[in-house]
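Next come the chains, spelled out residue by residue.
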Amino acid sequence: MSTIFSKIIAREIPADIVYEDELVLAFRDIAPQAPVHILIIPKKEIPTANDVKAADEAVLGRLFTVAARIARDEGIAQNGYRLIVNCNEDGGQEVFHLHMHILGGRSLGPMLAKK
Ligand code: AMP
């Protein structure tokens, strides 16, 4: 099942794209939770972290190298940032096209909200 992120890859809906290469696309989150909140997505449709295969290791590694590049470009590398991949209901996943959040620009507090 394609998601809104496939439409962003296909340029069928707009997004504030900050990086693109042959494997991944990165764009600003539409509802930012921090001064810097960018999503990095594989161009390949991988619904969730449960669906990753060994053959996806190159693209999954690329998510991290692009995250490091974006952190540097956005000026948050030195102070730090958080990378998040949500999976399914308990993880709070809303869009079923695997994506890495990069969040920074302020102190992000504890890793998890209290119950
Ligand atoms: P997740 O809960 O991990 O699935 O995160 C999905 C993220 O996608 C949320 O932070 C949304 O704000 C973001 N989002 C949804 N639609 C768009 C869009 N059209 N452009 C940019 N970000 C979006």
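Analysis parameters
- Residues numbered from 1 in each chain as written.
- Predicted model: local features only at pLDDT ≥ 70, side-chain atom pairs only at ≥ 80, totals over all residues.
- Heavy atoms only, no water.
- Near = heavy atom within 4 Å.
- Polar contact = N/O pair within 3.5 Å; in protein donor to acceptor, adjacent residues only side chain to side chain.
- Areas by Shrake-Rupley, 256 points an atom, 1.4 Å probe, with all protein chains shown as cover.
- Helix = DSSP H or I, 4+ residues; strand = E, 2+ residues; numbered from the N terminus.
- Salt bridge = Lys/Arg side-chain N within 4 Å of Asp/Glu carboxyl O.
- Buried < 20%, exposed > 50% of the residue type's maximum accessible area, 1.4 Å probe, protein only.
- Contact = heavy atoms within 4.5 Å.

Chemist: Quick question: what am I supposed to make of the site of the ligand here?
Modeler: As a matter of local geometry, the ligand sits amid 16 residues, with Asp-29, Asn-86, Glu-94, His-99 and His-101 nearest to it. With respect to the ligand, the backbone of Ile-30 contributes an N or O atom lying 3.1 Å from a nitrogen atom. With the chains in place, 86% of the 500 Å² that the ligand exposes on its own is no longer accessible. Elements with a minimum of two residues in the shell around the ligand: α1 (4-9) and β2 (24-28). If you tally residues by element for the shell around the ligand, the top one is α1, at 3 residues.

Chemist: Is there a simple way to think about the pattern of salt bridges in this case?
Modeler: Any two side chains of opposite charge can pair if their charged atoms end up close together. For the structure shown, the criterion picks out 7 salt bridges. For Lys-43, the salt bridge is made with Glu-20, and the minimal N-O distance between the two is 2.8 Å. In this pair, Lys-43 is assigned in the loop between β3 (36-42) and α2 (57-74) and Glu-20 in strand β1 (residues 17-20), connecting sequence segments 23 residues apart. Judged by relative accessible area, which is 27%, Lys-43 ranks as partly exposed.

Chemist: Before we go on, may I ask you to explain the environment of Ile-46 in this structure?
Modeler: Structurally, Ile-46 is set in the loop between β3 and α2. Linking Ile-46 and Asp-90, residues 44 residues apart in sequence, is a C-alpha distance of 18 Å. If we ignore the near neighbours within four places in the chain, the residues touching Ile-46 are Asp-51, Val-52, Asp-56, Val-59, Phe-96, His-97 and Leu-98.

Chemist: Mind showing me how you'd approach the environment of Asn-88 here?
Modeler: When you line up the elements, Asn-88 lands in helix α3 (residues 88-91). Residues Asn-88 and Asn-50, spaced 38 residues apart in sequence, show a C-alpha to C-alpha distance of 8.8 Å. When sequence neighbours within four positions are dropped, the list of residues in contact with Asn-88 reads Thr-48, Asn-50, Gln-93 and Phe-96.

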